[in-house]
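Below are the chains, spelled out letter by letter.
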Amino acid sequence: MDIVLRPTRRGEYRATEELVREAFWNLLAPGCVEHYLLHRLRGDPAYLPGLDWVALAAGRPVGVIAYSQALVTGADGVRRPVATFGPIGVLPDWQGQRVGSALIEATLPLAAELGYGGVVITGDPDYYRRFGFRTGKAFGIRLRDGRYHAALLARELRPGGLSGVAGRYCEAEAFSLSPGDAGLLAFERGFPPKERVEGTPSQRRFARSAARYLPDD
């Protein structure tokens, strides 16, 4: 079936939040927060609406990607803007069919057109390497706590696009949430109940990945 990629329309916001909930449920933790993150992000000043794209199959959303602006604060105190994407979600039945890849490949050039020199994300290095991402450490980009991490990844959108952007990476305020967040709990009550499962293989892999800090030297 042919996939159509285009900007997400406001009337599709709820459907894409439901999509992200299905994509992430019990994947990284019992339940998920990513659908609420997407909802919050769309109301955040850092949200980049032109880079919120949907993948449609027979008119039905099967994948979505959303971008926002993040900042890298250097040792000089200057905060330099970069683009970031996430959440990116694909319905379970459509995973492994390059829907997510197509969304990334379609939107990275658009981020460059908006003037961003690079994109910084957190994600699986083995997956994102195929799109040209390297560890943030290669560019001197650290987590907010000042440490390098294997899952903090960066890619230049033009030669030298991340030159001089070394420092501490900080995402939009919308990303500051936890599984016990009161807003998330209230938001979740608007969806059909789903069973939360703890200790899945994907959750164990995520926990191991979350502990993969890199040395400074």
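Attention here is on the structure that accompanies the text. Think of each chain on its own: its residues are numbered from 1, step by step along the sequence as written. Only residues with pLDDT of 70 or above have their local features reported here, since the model is predicted, and side-chain atom pairs are shown and tallied only from 80 upward, although totals for entire chains, interfaces and linings are computed over all residues. Side-chain descriptors were evaluated using all non-hydrogen atoms of the structure, hydrogens and water having been removed beforehand.

## Brief notes about the environment of Arg6
For step 1, the next point in the chain: Counting from the N terminus, the helices are DSSP H or I runs at least four residues long and the strands are E runs at least two residues long. Assignment of secondary structure puts Arg6 in strand E1 (residues 3-7).
For step 2, the next point in the chain: When neighbours within four sequence positions are excluded, Arg6 is seen to be in contact with Glu12, Trp53, Val54 and Leu56. By definition in these notes, contact holds between two residues if any of their heavy atoms fall within 4.5 Å.

## Regarding the pattern of salt bridges
For step 1, the next point in the chain: Counted as salt bridges are all cases of a side-chain nitrogen of Lys or Arg within 4 Å of a carboxyl oxygen of Asp or Glu. Applying the stated criterion across every chain, the model contains 10 salt bridges.
For step 2, the next point in the chain: For the salt bridge of Glu17 with Arg42, the shortest nitrogen-to-oxygen distance reads 3.8 Å. Of this pair, Glu17 sits in helix H1 (residues 13-24) while Arg42 sits in the loop between helix H2 (34-41) and strand E2 (53-57), and the two are 25 residues apart along the sequence.
For step 3, the next point in the chain: When a residue's accessible area, from a 1.4 Å probe over protein chains only, is under 20% of the maximum for its type it is buried; when over 50% it is exposed; and in between it is partly exposed. A relative accessible area of 5% means that Glu17 is categorised as buried.

## What to know about unusual backbone geometry
For step 1, the next point in the chain: With an omega dihedral of 5°, the bond running from Gly86 to Pro87 counts as a cis peptide bond.
For step 2, the next point in the chain: With respect to the secondary-structure elements, Pro87 resides in strand E4 (residues 79-90).
For step 3, the next point in the chain: Even without being a glycine, Ala58 presents a positive backbone phi close to 55°.
For step 4, the next point in the chain: Note on Ala58: relative accessible area 71%, which makes it exposed.
For step 5, the next point in the chain: Within the chain, Arg98 stands out as a residue other than glycine whose phi angle is a positive 65°.
For step 6, the next point in the chain: Tracing the backbone shows Arg98 in the loop between E4 and helix H3 (99-113).

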